[in-house]
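Spelled out from the first residue to the last, the chains are:
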Amino acid sequence: MRVAVLALLAACGPAAEKAPASCPAMVGPQLVIATTDYSTGALAAVDLETGCVADRVMSRLGGDPLVVEADGLVAVVQRSDGDVIRLYQPGKWREPLAEIGVEPGSNIHDVAIVGDRLFASSYERATVDVYDLVDERWLEGIDLSDHADDDGIPEADRFRITDDAVLQLALQRLDRDELPWSPQAGQIITIDPVEMMLGEAIEVGPSPRLFDSGVLTGVYGVLDGALTDLDGEVILTEAEAGFDFSAHGARDGRQVLVGSTFEGETRVLCFDGSWFDGDATKAWVSDLAMLDDGTAILATRTGWHRDATSGLTTLDVETCSFVGE
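My aim in this report is to walk through the structure given alongside it, one point at a time.

Conventions used here
- Residues numbered from 1 in each chain as written.
- Predicted model: local features only at pLDDT ≥ 70, side-chain atom pairs only at ≥ 80, totals over all residues.
- Heavy atoms only, no water.
- Helix = DSSP H or I, 4+ residues; strand = E, 2+ residues; numbered from the N terminus.
- Rg over C-alpha atoms; globule rule 2.2 N^0.38 Å.
- Buried < 20%, exposed > 50% of the residue type's maximum accessible area, 1.4 Å probe, protein only.
- Pairing = 2+ DSSP bridges.
- Axes fitted to C-alpha atoms, helices over the stretch in contact; angles between N-to-C directions.
- Core = buried A, V, L, I, M, F, W, Y, C linked by side-chain atoms within 4.5 Å.
- Contact = heavy atoms within 4.5 Å.
- Disulfide = S-S within 2.5 Å.
- Polar contact = N/O pair within 3.5 Å; in protein donor to acceptor, adjacent residues only side chain to side chain.
- Salt bridge = Lys/Arg side-chain N within 4 Å of Asp/Glu carboxyl O.

Some words on the overall build of the chain
What the chain contains, in helices and strands, is 1 helix and 31 strands. For the chain, whose C-alpha radius of gyration is 19 Å, the value lies close to the compact-globule estimate of 20 Å for 325 residues. Seen through its principal axes, the chain has C-alpha atoms that stretch 50 × 50 × 40 Å. In the chain, which comprises 325 residues, the proportion classed as buried is 53%.

Some points on the sheet that holds strand E7 (residues 84-88)
The strand order across the open sheet formed by 4 strands is E5-E6-E7-E8, and the pairing between neighbours is antiparallel. The outermost strands of the open sheet, each flanked by one partner alone, are strand E5 (65-70) and strand E8 (98-101). Strand-to-strand twist of the sheet, defined as the mean angle between neighbouring strand axes without regard to direction, takes the value 20 degrees. The sheet contact formed by strand E6 (residues 73-78) and E7 spans 5 bridges and is antiparallel. Bridge pairing in E7 links Val74 to Tyr88.

Examining the nonpolar core
Ranked by size, the top nonpolar core spans 22 residues in total, and within it Phe245, Val256, Leu257, Val258, Val268 and Leu288 carry the most contacts. Elements supplying a minimum of two residues to this core: strand E24 (244-251), strand E25 (254-260), strand E26 (266-271), strand E28 (284-290) and strand E29 (295-301). Apart from residues lying up to four places away in sequence, Phe245 is in contact with Arg209, Leu216, Ala226, Leu227, Leu236, Thr237, Glu238, Leu257, Val258 and Gly259.

A short note on the state of the cysteines
Under the counting rule described, the total for this entry stands at 2 disulfides. The disulfide bridge from Cys23 ends at Cys52, spanning 1.9 Å between sulfur atoms. Around the S-S axis, the bridge from Cys23 to Cys52 shows a dihedral of about -110 degrees and counts as left-handed. Note that Cys23 is positioned in the loop between strand E1 (2-9) and strand E2 (30-36) and Cys52 in the loop between strand E3 (41-47) and strand E4 (53-58), a separation of 29 residues in sequence. Overall, the relative accessible area of 26% leaves Cys23 in the partly exposed class.

Remarks on the pairing of E2
Most of E2 is tucked away, with 7 of its 7 residues classed as buried. Of the two faces of E2, the one lined by Gln30, Val32, Ala34 and Thr36 and the one lined by Leu31, Ile33 and Thr35 are each fully buried. Where E2 lies against E3, 7 bridges are found, and the strand directions are antiparallel. Considered in E3, the bridge of Thr35 is made with Ala42. In sequence, E2 turns back onto E3 through a hairpin of 4 residues, with Tyr38 there showing a positive phi of about 70 degrees.

Re the environment of Asp292
With respect to the element layout, Asp292 can be found in the loop between E28 and E29. The partly exposed category is assigned to Asp292, whose relative accessible area is 41%. For the pair formed by Asp292 and Arg251, sequence separation is 41 residues and the distance between their alpha carbons is 7.8 Å. Among the polar contacts made by the side chain of Asp292, one reaches the side chain of Arg251 at a distance of 2.5 Å.

Some words on the sheet that holds strand E19 (residues 197-206)
Think of a sheet as strands paired side by side through backbone hydrogen bonds, with each pair either parallel or antiparallel. One open sheet accounts for 4 strands, arranged E14-E15-E18-E19; its pairing is antiparallel. The sheet is open, and its two edges are formed by strand E14 (156-161) and E19, each paired on a single side. The average angle at which neighbouring strand axes cross in this sheet is 25 degrees, direction not considered. As defined by bridge partners, E14 adjoins strand E15 (residues 167-171) across 4 bridges and the pair is classed as antiparallel. For Phe159, the partnering residue across the bridge sits in E15 and is Leu169.

Re the pattern of salt bridges
A full pass over the atoms with the stated rule returns 13 salt bridges. The residue Arg79 makes a salt bridge to Asp64 at a minimum N-O spacing of 3.1 Å. Linking Arg79 in the loop between E6 and E7 with Asp64 in the loop between E4 and E5, this pair joins segments that are 15 residues apart in sequence. Given a relative accessible area of 19%, Arg79 falls into the buried group. Asp277 is the partner of Arg267 in a salt bridge, and the nearest nitrogen-oxygen pair spans 2.7 Å. Here Asp277 lies in strand E27 (residues 275-277) and Arg267 lies in strand E26, a separation of 10 residues in the sequence. Under the relative-accessibility criterion, Asp277 is labelled exposed at 53%. Connected via shared salt-bridge partners are Glu124, Asp151, Glu155 and Arg176.

On their own, these measurements won't tell you what the molecule is for.
Spelled out as structure tokens, the structure:
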């Protein structure tokens, strides 16, 4: 199966070189990974203290599962044959703490929890869905229609929670009325999670993807994007780097930036005062997590090459080199 998304839970320890076939109960920090063969999805977990891999902690998730860390819980979203959000305590997969039905066809791209409210970004509607976890009911939601592009939908993607508990949300704003889809200027908008009111909107480049560490912009297939800071200031452009950006992470002053060339190779850049080239791979990197021990875990898919590695790859951020699977 191919790794789709990974969520980092708790503090991080060292990654292992090789995992045993089965795992004891995980009590420490762990990675939770949604995998799919585009027909059936499953959930896997990696114990970051022992390196043990629990390969199928949950199966039959549909072909498009999403896993997100949300306020210390694991949110598992079924986006096909289900339209449901389930919340779990890390490591306790037998029964969810909550099971929340979602309007069919919403195509939830992210989940965030602030206080007693769960926020879900719908890619197919001009609304941020808001669920009261105490009263166990959907609230009216937050209208995004004033920020929509020409097709009437702002294409809400990923959340970020600021240090003062304010939500930020990336609006990709793709006009889908005709093919090919036409990218409008993207936005990063702030949301007051208590008053459920929209605040400032920062205009950024096309199709923004919001990370805790920055923003990546640009549509695939064109060197039109950039890495910017959270205020929209450009740090590095795709044209300067020579490849299409796909994921970014930062920790303790170091950064990792990955993306694809149009010849099917994934490049890795690292930053430690300046940008420098790292190892390349034939695999497609769909996500990454930065760990406290100076490594990053890359989620990889086979992409265009049958001999490419599909799974998790460990990167030493200091040397920008691959050190394990």
